[in-house]
Amino acid sequence: MTMRYGFIGCGNMGGAVARAVCKGAGAGEVLLANRTVAKAEALAAELGCQVGDNDRVARECSYIFLGVKPQMMEDMLDGIADILSERQTPFVLVTMAAGLSMARIRQMAGDAYPIIRIMPNTPVAVGAGMVQYCAKDVEPEQLEEFLKAMAPAGVLDPVDERVIDAASCVSGCGPAWAYQFIEALADGGVAAGLPRAKAQLYAAQMLLGSARMVLESGSHPGVLKDAVCSPGGSTVQGVRVLEERAFRGAVMDAVLAAFAKTREMGKG
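Conventions and cut-offs
Residues numbered from 1 in each chain as written. Predicted model: local features only at pLDDT ≥ 70, side-chain atom pairs only at ≥ 80, totals over all residues. Heavy atoms only, no water. Helix = DSSP H or I, 4+ residues; strand = E, 2+ residues; numbered from the N terminus. Buried < 20%, exposed > 50% of the residue type's maximum accessible area, 1.4 Å probe, protein only. Contact = heavy atoms within 4.5 Å. Areas by Shrake-Rupley, 256 points an atom, 1.4 Å probe, with all protein chains shown as cover. Lys, Arg positive; Asp, Glu negative; His and termini not counted. Charge placed at Lys NZ, Arg CZ, Asp CG, Glu CD. Expected span 1.5 Å × (residues − 1). Arc of directions from axis to C-beta. Pairing = 2+ DSSP bridges. Right-handed = clockwise from strand over helix to strand, strands pointing away.

Caption draft 1: Looking closely at the overall build of the chain. Helix and strand counts for the chain come out as 12 helices and 8 strands. The principal-axis extent of the C-alpha atoms belonging to the chain is close to 70 × 35 × 30 Å. In the chain, which comprises 268 residues, the share counted as buried stands at 36%. The long-range fraction of contacts in the chain, counting pairs at least 24 apart against all pairs at least 6 apart in sequence, stands at 63%. Of the roughly 14500 Å² that the chain leaves accessible, carbon and sulfur atoms contribute 57%. Here the chain contributes 25 positively and 29 negatively charged side chains, and the mean placements of these two sets differ by 7 Å.

Right under this line is the structure:
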């Protein structure tokens, strides 16, 4: 039976997207392949999908998710290029490799195949992800089916490819910095006397709720910040310390550093 969705690479990102697609399209439509077979087998056992190899994914699947690291992409695609060129049935390449343009992926694959480029983040695994996407030579019905399968991942936003690297450095890299912030807040709570489990719960729930306030209120983050800062209160003293330590500047520099590295990877 022809599988609809195949994944080459089941690491942190590929596995997270596979989880979402299993919810959107059904596990019976998903085929997993990974260099370490045991990793694909463990994920398949959890999700209820099938395990194969790169050749089978390339031969059978309608949507071929390329979930390998950017530096491994060329060798992987070289290994399945002949199979792709012999395909008689339509298929779409789906790349999630940071820094590699659709044109570069097509060049590596050996032909101008229909392609979708996505920049997901790891929260897609719990249905709260941010996924930017763009496409080239993909039929409207193919894109519609793809978006339906990806819907459980979270928010999907179409963007021009020229800004997708910048987008990925905000939402794709951002979770790591958010986790650092949660950890630091929890450490502060522990230093002030809170039990570790409660400090972590309070920090994580606070960040979740604050994000919802930004999304649902439509207010500028600065306005929401001001609403928490009572005159002469404790919050504004914390804001003062963060400003003294260049908190916002450090976060901006983190985004720009990630952006520079992403562009560097795309030149390889």
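Caption draft 2: Molecular detail of helix α8 (residues 174-191). The terminal C-alpha atoms of α8 lie 26 Å apart, and with 18 residues this matches the ideal 26 Å at 1.5 Å per residue to within 8%. Turning to α8, its buried residues number three or more, namely Gly174, Pro175, Ile182, Ala186 and Gly189. Projected onto a plane normal to the axis of α8, the buried residues spread over an arc of 110 degrees and lie on a single side. For α8, exposure combined with an orientation more than 90 degrees from the buried face picks out Gln180 and Ala191. Against the buried residues of α8 lie α7 (164-172) and α9 (196-217).

Caption draft 3: Main features of the pairing of strand β4 (residues 63-66). Alternating positions in β4 separate into two faces, Tyr63 and Phe65 on one and Ile64 and Leu66 on the other, with burial throughout. When strand β1 (residues 5-8) meets β4, the two strands line up parallel, connected through 4 bridges. Within β4, the residue paired with phenylalanine 7 across the bridge is phenylalanine 65. Pairing geometry for β4 and strand β5 (residues 92-95), over 4 bridges, is parallel. Along β5, the bridge assignment pairs tyrosine 63 with valine 92. For the crossover that starts at β4, traverses helix α4 (residues 70-86) and ends in the parallel β5, the hand is right-handed.

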